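Examination of the molecular architecture
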Amino acid sequence: MLTDAGVGEAADLERAAEQAKGLGLFVRGLVGLDRDAATDALSQFIAGRTLTANQLDFINLIITYLTEHGVMDVARLYESPFTDLAPEGPEGLFSGADIDALVELLDQVRATASPGVA
């Protein structure tokens with residue numbers, strides 16, 4: 001479908017999909033993630049917690065990043081714009097258990113871009 005649309009040659013798309021670790025991740029990286037889907041994914045984390053304004057801002061940065069890029073490597077949490085809000089990374093705002101939960105959610109979002117995962 002992408003080659004028919006003139007996006008590139010089959011070999012180019014195959015190489016890009018390989019570099020992105022799958023065609024689903026490649027496409028997700030191009031189009032991003034629907035903001036509602038990103039918000040829903042992070043609402044699992046927010047539910048049942050009382051978060052500070054800075055913590056909510058950090059979560060909103062994650063939602064924005066997912067909306068623009070589709071998936072997120074955990075290492076990004078230690079780069080700008082996240083470190084603009086929390087110079088130490090998420091450890092400056094969240095407990096170890098909360099960080100583990102965030103990492104799990106980011107992994108789940110990544111997994112939904114893979115074929116056969118709903």
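Residues numbered from 1 in each chain as written. Predicted model: local features only at pLDDT ≥ 70, side-chain atom pairs only at ≥ 80, totals over all residues. Heavy atoms only, no water.

A word on unusual backbone geometry
- Along the chain, Ser-80 connects to Pro-81 via a cis peptide bond; the corresponding omega equals 10°.
- As for its position among the elements, Pro-81 is in the loop between helix H4 (53-69) and helix H5 (82-85). (Helix = DSSP H or I, 4+ residues; strand = E, 2+ residues; numbered from the N terminus.)

Let's talk about the pattern of salt bridges
- Following the criterion strictly, the structure yields three salt bridges and no others.
- A salt bridge links Asp-98 to Arg-49; the shortest N-O distance between them is 2.9 Å. Of this pair, Asp-98 sits in helix H6 (residues 96-111) while Arg-49 sits in the loop between helix H3 (35-46) and H4, and the two are 49 residues apart along the sequence.
- With its nearest N and O atoms 2.5 Å apart, the salt bridge here joins Arg-110 to Asp-73. Of this pair, Arg-110 sits in helix H6 while Asp-73 sits in the loop between H4 and H5, and the two are 37 residues apart along the sequence.
- Relative accessible area serves as the criterion here: at 24%, Arg-110 is assigned to the partly exposed category. (Salt bridge = Lys/Arg side-chain N within 4 Å of Asp/Glu carboxyl O. Buried < 20%, exposed > 50% of the residue type's maximum accessible area, 1.4 Å probe, protein only.)

Observations regarding the packing of H3 against H6
- At a minimum axis distance of 10 Å, the contact between H3 and H6 shows a crossing angle of 155°. Overall, the two elements H3 and H6 adopt an arrangement that is roughly antiparallel. Taken as a pair, H3 and H6 cross one another with a handedness that is right-handed. The segment H3 lies against H6, with Ala-41, Leu-42, Gln-44 and Phe-45 engaging Asp-98, Ala-101, Leu-102, Leu-105, Gln-108 and Val-109.
- A class-by-class count of the residues in the contact of H3 with H6 yields seven nonpolar, two polar and one charged. (Axes fitted to C-alpha atoms, helices over the stretch in contact; angles between N-to-C directions. Parallel < 35°, antiparallel > 145°, perpendicular 65-115°, else oblique. Left-handed = near helix turned anticlockwise from the far one by under 90°. Contact = heavy atoms within 4.5 Å. Nonpolar A, V, L, I, M, F, W, Y, C, P; charged D, E, K, R; others polar.)

Description of the environment of Glu-104
- With respect to the element layout, Glu-104 can be found in helix H6.
- Judged by its relative accessible area of 48%, Glu-104 is partly exposed.
- For Glu-104 and Val-74, which are 30 residues apart along the polypeptide, the C-alpha to C-alpha distance reads 9.8 Å.

A few points about the environment of Gly-89
- Topologically, Gly-89 is positioned in the loop between H5 and H6.
- For Gly-89, the residues in contact, after removing those within four places along its chain, are Leu-77 and Tyr-78.

Section: H6
- Here H6 is 16 residues long and its end C-alpha atoms lie 22 Å apart, about the 22 Å a rise of 1.5 Å per residue gives.
- Of the positions making up H6, those classed as buried are Asp-98, Ile-99, Leu-102, Leu-105, Leu-106 and Val-109. Relative to the axis of H6, the buried residues are bounded by an arc of 120° and lie together on one face. Exposed residues pointing more than 90 degrees away from the buried face of H6 are listed as Ala-97 and Asp-100. (Expected span 1.5 Å × (residues − 1). Arc of directions from axis to C-beta.)

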